[in-house]
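Residue strings, one per chain:
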There are 2 protein chains.
Amino acid sequence: MSFFPSALDELVEKFASLPGVGLKSAQRLAFYILDLPKEEARSFANAIINARENVRTCRVCQNLTDQEECSICRSQTREEGVICVVASPKDVAAMERAHEYNGRYHVLHGVISPLNHIGPDDIRIKELVDRVAAGGIEEVIMAMNPDTEGETTAKYISRLLKPFGVKVTRLAYGIPVGASLEFADDATLMRALEGRQEI
Amino acid sequence: MSFFPSALDELVEKFASLPGVGLKSAQRLAFYILDLPKEEARSFANAIINARENVRTCRVCQNLTDQEECSICRSQTREEGVICVVASPKDVAAMERAHEYNGRYHVLHGVISPLNHIGPDDIRIKELVDRVAAGGIEEVIMAMNPDTEGETTAKYISRLLKPFGVKVTRLAYGIPVGASLEFADDATLMRALEGRQEI
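The present account deals with the structure reproduced in this document.

Rules used throughout
Residues numbered from 1 in each chain as written. Chains lettered and ligands numbered in written order. Predicted model: local features only at pLDDT ≥ 70, side-chain atom pairs only at ≥ 80, totals over all residues. Heavy atoms only, no water. Axes fitted to C-alpha atoms, helices over the stretch in contact; angles between N-to-C directions. Helix = DSSP H or I, 4+ residues; strand = E, 2+ residues; numbered from the N terminus. Parallel < 35°, antiparallel > 145°, perpendicular 65-115°, else oblique. Contact = heavy atoms within 4.5 Å. Nonpolar A, V, L, I, M, F, W, Y, C, P; charged D, E, K, R; others polar. Pairing = 2+ DSSP bridges. Buried area = accessible area lost by both parts, 1.4 Å probe. Salt bridge = Lys/Arg side-chain N within 4 Å of Asp/Glu carboxyl O. Buried < 20%, exposed > 50% of the residue type's maximum accessible area, 1.4 Å probe, protein only. Left-handed = near helix turned anticlockwise from the far one by under 90°. Right-handed = clockwise from strand over helix to strand, strands pointing away. Least-squares fit on C-alpha atoms with pLDDT ≥ 70 in both.

1. Observations concerning the packing of helix H3 (residues 38-54) of chain A against helix H3 (residues 38-54) of chain B
The N-to-C vectors of H3(A) and H3(B) enclose an angle of 180°; their axes lie 9 Å apart at closest approach. When the axes of H3(A) and H3(B) are compared, the pair comes out roughly antiparallel. Across from A:Lys38, A:Ala41, A:Arg42, A:Phe44, A:Ala45, A:Ile48, A:Ile49, A:Arg52 and A:Glu53 in H3(A), the residues of H3(B) making contact are B:Lys38, B:Ala41, B:Arg42, B:Phe44, B:Ala45, B:Ile48, B:Ile49, B:Arg52 and B:Glu53. Its residues assigned to classes, the contact of H3(A) with H3(B) shows 10 nonpolar, no polar and eight charged.

Structure (structure tokens):
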């Protein structure tokens, strides 16, 4: 039983339904909303509706956009023949922050994960194959997280793309720049050694 | 610079403006909203507006309510002559959960805190004094947190109420039930000793 007015209870419940927000935090957030000026509370509510209604996935690369095609797909200055395949829109943001890549993207919205009942048909692999099948692609770069699921997904896709004769690569594994060798884990060190390069 | 659609950026920003929510969590929450069914996103937004517009403070005790007077103040079965003074609506909820108290409440919405520039006029002390001045009150129980600010507030209020000849008490300090003596802090032990009772 609660001792708050029902409108407050409902808001607490909504916040508590968010991932990583417990009941105590949800209460704190709801009280914070009560203390906001009315317009700010309204503008928060509008931001939720606006994001949910207007953000969709790009027709071509499946990245998030508020247009039919995302700005990267519409860009005239980016290489047409290279596609970097990532698991989520956050990874596009991470790649873009590095200011090194000038090709296109493909966002899978997940990775193959049998344990979580996510199969190849549950993520946007078909859309990628269609893009490659349409021609004009020279290289597909796999940029999934270097874990079992990421590698499984990368291997699965590279097998699918083989018939089209495109070059399939993946990001290099190794010691992160600025990290200390001492604290690198065994798997990373092994990969770094395997991928050693002449200097 | 962000690489997300602006509607998503705005939502991330809103979440990040909440207390205790960092940029990474805000991003996770915003992505969660994008994945919600449309009606659920709308119902979340409505809960925000609804809480902000309909939750107000009770005319009498200043507790949160969606009516003119809260359910405790409207109740016929609760003692009229006893007021328990708390700092926040959450404390009313805590007291009610104990199922022990059957009087009325007064919610100050804060405590006197010179460091945070909160003086007696910034919290609902005047409303309490008015209630006591109106007569019919026998006892006022101070139930602020047992810290410097809580005690200062309690002392300040009890001085204000003295002229009205009401009994002013405060909650007992002591070892929490179920706690281990070994881990009780010095201040609590001192208070527990001071307040020792015959058995």
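Having seen the model, we can carry on.
2. A few points about the sheet that holds strand E4 (residues 104-107) of chain A
As a general point, the strands of a sheet are linked pairwise by backbone hydrogen bonds and lie either parallel or antiparallel. Residue and element names in this part refer to chain A. The strand order E4-E3-E5-E6 describes an open sheet built from four strands, whose pairing is parallel. The sheet terminates laterally at E4 and strand E6 (167-170), the two strands that pair on one side only. Going from strand to strand, the sheet's axes swing by 25° on average, the running direction of each strand aside. The pairing of strand E3 (residues 82-86) with strand E5 (residues 139-142) spans four bridges and is classified as parallel. What sits directly across from Cys-84, in E5, is Ile-141. Its contacts with the sheet place helix H5 (residues 89-97) against E3 and E4, and it is angled at close to 155° to E4.

3. Points about the interface of chain B and chain A
Contacts between the two partners involve 46 residues from chain B, matched on the other side by 46 residues from chain A. For the chain B and chain A pair, buried surface summed over both sides reaches about 4700 Å², with 74% attributable to carbon and sulfur atoms. Of all residues in chain B, the largest losses of buried area upon contact with chain A belong to B:Phe3, B:Ile48 and B:Arg52, amounting jointly to 15% of the total for that side. Where chain B touches chain A, the interface holds two salt bridges.

4. Things to note about the pattern of salt bridges
The full count for this structure, using the stated rule, is 16 salt bridges over all chains. Note that B:Arg191 and B:Glu151 form a salt bridge whose closest N and O atoms lie 2.7 Å from each other. Residue B:Arg191 is found in helix H8 (residues 186-194), and its partner B:Glu151 is found in helix H7 (residues 148-161); the two are separated by 40 residues along the sequence. Taking the relative accessible area as the measure of exposure, B:Arg191 reaches 25% and is therefore partly exposed. Here the salt bridges share partners, and the residues they tie into one network are A:Arg56, A:Arg59, A:Glu68 and A:Glu69.

5. Topic: the packing of H3(A) against helix H1 (residues 6-16) of chain B
Contact geometry for H3(A) and H1(B): axes closest at 9 Å, N-to-C directions at 140°. Relative to H1(B), the element H3(A) lies oblique. H3(A) and H1(B) meet at a crossing whose hand is left-handed. On H1(B), the residues touching A:Ser43, A:Phe44, A:Ala47, A:Ile48, A:Asn50 and A:Ala51 of H3(A) are B:Ala7, B:Glu10, B:Leu11, B:Lys14 and B:Phe15. For the contact of H3(A) with H1(B), the class distribution of residues is seven nonpolar, two polar and two charged.

6. Structural notes on the pairing of strand E3 (residues 82-86) of chain B
Residue and element names in this part refer to chain B. Of all five residues in E3, five are buried, a share of seventy percent or more. Here E3 shows a buried face lined by Val-82, Cys-84 and Val-86 and a second buried face lined by Ile-83 and Val-85. Strand direction decides the pairing type here: E3 and strand E4 (residues 104-107), joined by four bridges, are parallel. Within the sheet, the bridge partner assigned to Cys-84 lies in E4 and is Tyr-105. Crossover E3 to E4 through helix H5 (residues 89-97) is right-handed.

7. Looking at the side chain of A:Asn63
Residues and elements named next belong to chain A. Looking at where Asn-63 falls in the secondary structure, it is placed in the loop between strand E1 (56-57) and strand E2 (64-65). On the basis of relative accessibility, which here comes to 5%, the residue Asn-63 falls in the buried class. Residues in contact with Asn-63, not counting those within four places in the same chain, are Arg-56, Thr-57, Cys-58, Pro-89, Val-92 and Val-107.

8. Quick word on the relation of the copies chain B and chain A
The transform that puts chain B on chain A rotates by 180° and translates by 0.0 Å along the axis, for an RMSD of 0.1 Å. Interpreted geometrically, this transformation is the action of a two-fold axis. Distance from the rotation axis, computed per C-alpha, reaches its smallest value in chain B at B:Ala45: 2.1 Å. When the interface residues of chain B are mapped onto chain A, 100% of them again fall at the interface, so both copies present the same face.

9. Remarks on the sheet that holds E4(B)
Residue and element names in this part refer to chain B. The sheet built from four strands is open, its strands ordered E4-E3-E5-E6 with parallel pairing. Both edges of this open sheet fall to E4 and strand E6 (167-170), since each of them pairs with a single strand only. Pairs of neighbouring strands in the sheet enclose a mean axial angle of 25°, with direction left out of account. Contacting E3, strand E5 (139-142) and E6, H7 runs over the sheet at an angle of about 170° to E5.

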